[in-house]
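# Results of the structural survey
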Amino acid sequence: MTRVHDMGGRFGDGPVKPDDADAPTFTTDWHARALAVTLACGALGQWNIDISRHARERLSPRDYTGFSYYEKWISALADLLVERGVLTKADLAGQADDTAHPLASKMLEANAVASALALGGPAERDSKVRANFSIGQAVSCRHPAANHLVNGGHTRLPAYAAGARGYILRLHGSHVLPDSNAHDLGEAPEPLYAVRFAASELWAHPEHADDQVILDLWQCYLVPL
Amino acid sequence: MPHDDPDHPHALLPPDPALRVKALETILTRKGLIDPAALDEIIDTYQNKIGPQNGAQVVARAWHDPEFRAALLQDATAAVTDLGYFGRQGEHMVAVENTPDLHNMVVCTLCSCYPWPLLGIPPAWYKSDAYRARVVREPRKVLAEFGVTLPANTAVRVWDSTAEVRYLVIPMRPEGSEGLDLDALVALVTRDSMIGTGLAQVPK
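Given the structure is predicted, the values throughout are model-derived calculations rather than measurements.

What counts and how
- Residues numbered from 1 in each chain as written.
- Chains lettered and ligands numbered in written order.
- Predicted model: local features only at pLDDT ≥ 70, side-chain atom pairs only at ≥ 80, totals over all residues.
- Helix = DSSP H or I, 4+ residues; strand = E, 2+ residues; numbered from the N terminus.
- Buried ≥ 20, exposed ≤ 12 C-beta atoms within 10 Å, placed from the backbone.
- Contact = placed C-beta atoms within 7 Å.
- Nonpolar A, V, L, I, M, F, W, Y, C, P; charged D, E, K, R; others polar.
- Pairing = 2+ DSSP bridges.
- Axes fitted to C-alpha atoms, helices over the stretch in contact; angles between N-to-C directions.
- Domains from an automatic or database assignment.

## Section: the overall build of chain B
Per the secondary structure count, chain B includes eleven helices and four strands. The C-alpha extent of chain B, read off along each of the three principal axes, is 60 × 35 × 35 Å. Scored against the burial criterion, the 204 residues of chain B give a buried share of 54%. Considering only contacts in chain B between residues 6 or more positions apart, those separated by 24 or more positions represent 69%.

Structure (structure tokens):
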């Protein structure tokens, strides 16, 4: 069982509403601010991208569904700041003291923004885990779609692909395993593949016999056929 | 272990989202954990410096220069880095090319992964539940909502960005664009054509 964010294939969401070509990047100032605060807090180095994704996914289903996109970001960020010990609940409740914070030396300064954004966070690593699958090989996704290390933990295997049969399309090298990295269990890099699935393998009523879906999947998500 | 505490700390902040952001920014600033000037710099970067104009340069060059196209399809990360496009949310790039037989589209069903250095911050529809939920299951109906109808003999390939690999669609070069220079080609490349929800513009 996965969480509310895992919505690929779901029915009932209605039409997609394209924007105008000249739509602004941020429709309101607080959207921009929410993104910037989130990125700046990431620079404090108290979590990784998998931990931050999992924080958004752990919003209650009611919050996840009811919140707008950047409300999810800012609310999950507040949760994460408390969970990682950066802030306290008293801080959030308006009882913050202004004494120097031990992490203040890590604050992202304006003149370091360009280099921090340019650096990014590459996920490819050297790994001792051998690639077990070759291009074109038939595989199936493990079932159910779930983190096998932590009950209820983060995974990047969507439920719609669990148990589905596909074919290895390409090998991306070895990448950090989110199922481990989201839970402070280490990066555990292993081979990552693009895997091709026929739409008819995933959906009871595919739109077209030749349509396909490609997912990036770690080796431990896959079972040989 | 995941913490499924029903009393999430975020509920201690004001419920109005604009006030919630402001309150958190104020707390963090007073503690010396964030610099408001750095926030301005981040916003300026994604509002004014990084956006789909970057990806359009890549696509136009791929149309214009066969050697660049080959390098892009071989190792997109290296090819776009050479043009100066790299960084956060574009660390591992793959370019996928549309042909008369195959139309590529990109989504992130689990969150909102998107190639920031080439396309900027994703539009609201890309992050919407409707797009995330539906495009993997009914890409042709979603395309119709963007005003795009594909020939019946064109297969659709939807890339679900489930890892840190980011995909850029190279749309088909439009008819009537033969002989155009690089700048004229750039103007034909729309953001949506690089996500796969649109086609490149036909020259007027």
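Next comes the rest of the write-up.
## Quick look at the interface of chain A and chain B
Taken together, the contact between chain A and chain B spans 85 residues of the former and 76 residues of the latter. Breaking the side of chain A that touches chain B down by element, the ones donating at least two residues are helix 1 (29-42), helix 4 (69-83), helix 5 (89-95), helix 6 (113-119), strand 2 (165-175) and strand 4 (212-218) of chain A. With ten residues, helix 4 of chain A is the largest single contributor of residues to the side of chain A that touches chain B. For the side of chain A that touches chain B, the class distribution of residues is 47 nonpolar, 17 polar and 21 charged.

## Section: the sheet that holds strand 2 of chain A
Judged by pairing direction, the sheet is mixed, and its seven strands sit side by side in the order 5(A)-1(A)-2(A)-3(A)-4(A)-3(B)-2(B) without closing on themselves. Looking along the sheet, the strands with just one partner apiece sit at the ends: strand 5 (222-224) of chain A together with strand 2 (102-107) of chain B. Each neighbouring strand pair of the sheet contributes to a mean axis angle of 35 degrees, computed without reference to strand direction. Taken together, the four bridges between strand 4 of chain A and strand 3 (residues 155-160) of chain B define a ladder with parallel strand orientation.

## Notes on the pairing of strand 3 (residues 190-198) of chain A
Residue and element names in this part refer to chain A. Burial within strand 3 is extensive, with seven of its nine residues counted as buried. Bridge count between strand 2 and strand 3: six bridges; the pairing is antiparallel. Within strand 3, the residue paired with Arg 170 across the bridge is Ala 194. With seven bridges joining them, strand 3 and strand 4 adopt antiparallel strand pairing. Across the sheet, the residue bridging to Ala 198 is Gln 212, located in strand 4.

## Things to note about the domain arrangement of chain A
Residue and element names in this part refer to chain A. As far as domains go, chain A holds domain 1 (29-119) and domain 2 (138-224). In this structure, domain 1 and domain 2 have C-alpha centres spaced 28 Å apart. Taken residue by residue, the interface counts six residues in domain 1 and four residues in domain 2. Split into classes, the residues belonging to the side of domain 1 that touches domain 2 amount to one nonpolar, two polar and three charged.

## Considerations on unusual backbone geometry
In terms of backbone geometry, most residues other than glycine have negative phi values and most peptide bonds are trans. Note that the residue after His143(A), namely Pro144(A), is joined by a cis bond; omega there is 0 degrees. Note on placement: Pro144(A) falls in the loop between strand 1 (138-141) and strand 2. For Ala188(A), which is not glycine, the phi dihedral falls at a positive 40 degrees. Looking at the element boundaries, Ala188(A) is found in the loop between helix 7 (178-181) and strand 3. Judged by the 18 C-beta atoms lying within 10 Å of it, Ala188(A) falls in the partly exposed class. Here the phi dihedral of Gln89(B) falls at roughly 65 degrees; this positive angle occurs in a residue that is not glycine. Inspection of the secondary structure puts Gln89(B) in the loop between helix 5 (76-82) and strand 1 (92-97). The buried category is assigned to Gln89(B), around which 24 C-beta atoms lie within 10 Å.

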